[in-house]
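Residue-level structural notes
The chain contents come next:
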Amino acid sequence: MILNYHIIMKNNYKISKQQYAYKVIKSRILDGRYQPGYKIVIDQLARELQTSAIPVREAIRNLEADGLIHFRPYSGAIVTPFNEKEYLETLSVLAVLEGYATAISAQHFPAGRIKELTAINDRMKDALDDFDFLMFGNCNREFHSLTYQYCNNHFLTENIKSTWNRLDRVRKMGAATKPVRAKKSIEEHEVIIDMLRGARPFAEIEAYVRTHKLNTVQAFLEEKNDRELRNYT
C-alpha cells in the first residue's frame, strides 16, 4: 500500500513528484517487493502513482546512480542483479576494517555505554523472533557503529561507513538474512559486549570482531554449497 501523492502534499509534506516516485521505488527494492532482475514498467508505475512518466524516469535515473537500477538492452530498467563476488569481497573488507576499529575503540569505550549495546542486541533478538529482517539489519549496523564509535582514526571510520553503504546496496540485491546465522550473530555480539566490558587485549578483540564478520561469509558459502548439492541431486 502507498500513499497518494496528492494526499501527501495536502498534509504539507514538501516533496516533488520525482522524489515521491524515488522513495516508492527504492522502498520496494529494499524491502524485496522488487526482486533482482525485476523489470520496471514506467508507464504502469506512473499510472499507479498517479503522475506522469517524466518524474518516474527521473527517479529511475537517480536510482541507477545509486546502483539499485540497471539498464539492460531490449529490457529497459531492471532492478540490479545480485553480485555475489562483490558482496563477499565487500563483507571481507568490512571484517578487517571493523575488527581493527573496534579494537582501537575498546581502549576508550565508556563502561556506561555497555548497556546500550545490550539493549540493541535485545532488539535484534525481538526482530528475529518477529522475522523482521529489515529491523534486524538496522539494529546490527547500529550495534557495530557503537562498538567502533570511540575509534580515533577518522579516516578508518569513514571508510567503514562507505563500505557499509556499499554492502547494504549489494546485500539488498539478493543476499537475504539467514535465521540460523542471525541467531549465531546475536550470540557473538554477546561475546563482543563481554570483551568490551572486560577490556580484553587489543589483538584479541580485533581478531574476534574480524572473525565475527567472516563467519557470515562462511555461512553464505556453506548455504550456497548446500543449495548446489540439492540441485545436483
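This structure is a prediction, so every number in the text was calculated from the model and none was measured. (Residues numbered from 1 in each chain as written. Predicted model: local features only at pLDDT ≥ 70, side-chain atom pairs only at ≥ 80, totals over all residues. Heavy atoms only, no water.)

Points about the packing of aromatic side chains
Our working definition: Aromatic pairs are defined between Phe, Tyr and Trp rings, using the six-membered ring for Trp, whenever the two ring centres lie within 6.5 Å; interplanar angles under 30 degrees are classed as stacked, those over 60 as edge-to-face, and all others as tilted. Only protein chains enter the accessibility calculation, which uses a 1.4 Å probe; a residue is then buried when its area is under 20% of its type maximum, exposed when over 50%, and partly exposed in between. Secondary structure elements are defined from DSSP: runs of H or I of at least 4 residues count as helices, runs of E of at least 2 residues count as strands, and each element is numbered from the N terminus.
Taken as a whole and assessed by the stated rule, the structure comprises 5 aromatic pairs. Relative to Tyr38, the ring of Tyr34 has its centre 4.3 Å away and its plane inclined at 10 degrees; by these criteria the two rings are stacked. Since its relative accessible area comes to 33%, Tyr38 is described here as partly exposed. With a centroid separation of 5.6 Å and an interplanar angle of 75 degrees, the aromatic rings of Tyr100 and Phe202 are classed as edge-to-face. Taken together, the positions of Tyr100 in helix H5 (residues 84-106) and Phe202 in helix H10 (residues 202-232) put the pair 102 residues apart, joining distant regions of the chain. Judged by relative accessible area, Tyr100 falls into the partly exposed class, the value being 41%. Taking the relative accessible area as the measure of exposure, Phe202 reaches 33% and is therefore partly exposed.

Concerning the nonpolar core
Basically, it comes down to this: Note on terminology: a nonpolar core comprises buried Ala, Val, Leu, Ile, Met, Phe, Trp, Tyr and Cys residues joined through side-chain atoms within 4.5 Å. Contacts are residue-level and defined by heavy atoms, with any inter-residue pair within 4.5 Å sufficient.
Within the largest apolar cluster, 22 residues are counted, with the highest numbers of intra-cluster contacts made by Ile25, Ile40, Val56 and Ile60. At the level of secondary structure, the elements contributing two or more residues to this core comprise helix H2 (17-30), helix H3 (42-49), helix H4 (53-65) and strand E2 (76-79). Counting residues per element, this core draws most heavily on H2, at 6 residues. Not counting chain neighbours up to four residues away, the residues in contact with Val56 comprise Ala21, Ile25, Ile42, Leu45, Ala46 and Thr51. Residues Ala103, Leu128, Ala182 and Met195 belong to the second largest nonpolar core, which totals 21 residues.

Looking at the environment of Lys183
Tracing the sequence through the fold places Lys183 in helix H9 (residues 179-197). Linking Lys183 and Met124, residues 59 residues apart in sequence, is a C-alpha distance of 9.1 Å.

What to know about unusual backbone geometry
Its identity is not glycine, yet Phe131 carries a phi of approximately 55 degrees, on the positive side. Structurally, the position occupied by Phe131 is in the loop between helix H6 (114-129) and helix H7 (133-147). The class of Phe131 is exposed, set by a relative accessible area of 61%. One non-glycine residue, Ala199, lies in the positive phi region at around 50 degrees.

A few points about the packing of H2 against H4
Relative placement of two packed helices is described by the angle separating their axes and the distance separating the axes. Under the convention used in this document: Helix axes use the C-alpha atoms of the stretch in contact, all axes being lines fitted to C-alpha atoms, and the angles between their N-to-C directions lie in the range 0 to 180 degrees. Any angle between 65 and 115 degrees counts as roughly perpendicular, while under 35 counts as roughly parallel, over 145 as roughly antiparallel, and the rest as oblique. Crossing handedness is defined as follows: a turn of the near helix away from the far one that is anticlockwise and smaller than a right angle gives a left-handed crossing, while the clockwise case is right-handed. Gly counts as polar in this scheme, as do all residues outside two lists: the nonpolar Ala, Val, Leu, Ile, Met, Phe, Trp, Tyr, Cys and Pro, and the charged Asp, Glu, Lys and Arg.
Packing of H2 against H4 leaves a shortest axis separation of 8 Å and a crossing angle of 55 degrees. Considering their axes alone, H2 and H4 lie oblique with respect to each other. Handedness of the H2/H4 crossing: right-handed. Across from Lys17, Gln18, Ala21, Tyr22, Ile25 and Lys26 in H2, the residues of H4 making contact are Pro55, Val56, Glu58, Ala59, Ile60, Asn62 and Leu63. Its residues assigned to classes, the contact of H2 with H4 shows 8 nonpolar, 2 polar and 3 charged.

Any functional reading would require information that these geometric values do not contain.
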